[in-house]
Every structure is written in C-alpha cells, then in structure tokens.
Amino acid sequence: MPRPKLVSDTEILDATRRVMLRDGAERFTLADVAREVGLSRAALIQRFANKAGLEKQVAASGLDALHGLIAASPITNKGPRQVIGFLDNVLKGLEISLLAADAGCAEVLRHGIMARLDEPSRVRGGEVADMLMTVVQGAATQGDRDFVAGRLRLALRLIYAGRPLEEFA
C-alpha cells in the first residue's frame, strides 16, 4: 500500500513558483524545490518525473488560473478602463513570474487584452496588445505588482493619448 502524500501537488507547485522567482526559472533545481517543501528529490521525481515535468505542471496550473481570471472578468464594455481593470485582476490573482516566462500565459493574456480594446485601438489591436504584453513581461521581471500596474497605466495613457484621464482610473 503506498504511503499517503504529506505534501500536496498544489503545495509543491506553489513552492516551485517561489523557488523559480527567487532563483530564476532557468537556474532552479529539483533539489531546491525539495528543500523548499521538505521532501526528497526522489519524491519529486516519483511524482513529476523530472524538472521538465515539474515545469510543465507549473505552467499548466498557471494557465488554468489565468483562464479562471479571464472567466471572472466578463467583457461588459471596452476601452482603457476595461483593459486596466482586467489586467489589475490578473495581476492580483496570478504569479507575476508566469507572466514574464510562460508563452502560453502570455498568449492567453494577449487575447484577453484584445477582447477589451475599443474600436479605435482594435484597428491596431494586435500591435497594442503586443506592446502591452511587452510592458507586462518586462515589468514582471521586477516581481512587483504595483510596478507592473504603473507601467501598464503609463503605456495605456500613451496609446490612448488625447483621451480623458478619468478613463484610466
């Protein structure tokens, strides 16, 4: 009979995100994660096969979380205020390091931005969404939600130059 799991997969994935943020997504090791959660490296290998398997599960859980945040942010209107509200919700509910590193999350987030752009900006919607994603990914490397949010508001003010400031509140 197998022993019961003392540490859940969710706890391991959360610890992996912390280690990736602290040590870097490229440099972390299974041993680092094992120390963080109090398991052996062998226990991680038994559950996730290898570092790539663990990274895949971290990305999948982040993508699931992002889909949940998008579903919880219905499109009721379009424009800068809606883009800011959507991105604020994402920043509150998602690990920032995923926004900087995971291509799947970036593409889903890009589509979420595109869906909230109003007509004048949708003409250049792909460019606007790409620009905002560049801001998110660059700012996310700082690991500070407020910094990312500030950079996004600044970028939107530049994109929507001439629009009333209350649209950015």
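(A) Fine view of the overall build of the chain. Helix and strand counts for the chain stand at 10 helices and zero strands. Written out in order from the N terminus, the α and β elements of the chain read α-α-α-α-α-α-α-α-α-α. Considering the chain as a whole, with its 169 residues, one finds that 41% of them fall into the buried category. Counted over contacts in the chain with a minimum sequence separation of 6, partners at least 24 positions apart contribute 63%.

(B) Spotlight on helix α5 (residues 80-93). With 14 residues, α5 extends 20 Å from end C-alpha to end C-alpha; this agrees with the ideal 20 Å at 1.5 Å per step. When we look at burial in α5, the residues that qualify are P80, V83, I84, F86, L87, D88, V90 and L91.

(C) Region of the structure containing unusual backbone geometry. Phi at A49 is positive, roughly 75°, even though this residue is not glycine. Relative to the assigned elements, A49 resides in the loop between α3 (41-48) and α4 (51-71).

(D) Quick peek at the packing of aromatic side chains. Tallied over the full model, the rule gives zero aromatic pairs. Looking at K51, its charged tip hangs above the ring of F28, at a distance of 4.6 Å from the centre. The lysine or arginine in question, R116, covers the ring of F86, its NZ or CZ lying 4.0 Å from the ring centre.

(E) Geometry of the side chain of R17. By the secondary structure assignment, R17 is in helix α1 (residues 9-23). Given the relative accessible area of 11%, R17 is considered buried. Looking at R17, its side chain comes within polar contact range of the side chain of D14, at 2.9 Å.

Procedures and definitions
- Residues numbered from 1 in each chain as written.
- Predicted model: local features only at pLDDT ≥ 70, side-chain atom pairs only at ≥ 80, totals over all residues.
- Heavy atoms only, no water.
- Helix = DSSP H or I, 4+ residues; strand = E, 2+ residues; numbered from the N terminus.
- Buried < 20%, exposed > 50% of the residue type's maximum accessible area, 1.4 Å probe, protein only.
- Contact = heavy atoms within 4.5 Å.
- Expected span 1.5 Å × (residues − 1).
- Phe/Tyr/Trp six-rings, centres within 6.5 Å; stacked < 30°, edge-to-face > 60°.
- Lys NZ or Arg CZ within 6 Å of the ring centre and 35° of its normal.
- Polar contact = N/O pair within 3.5 Å; in protein donor to acceptor, adjacent residues only side chain to side chain.

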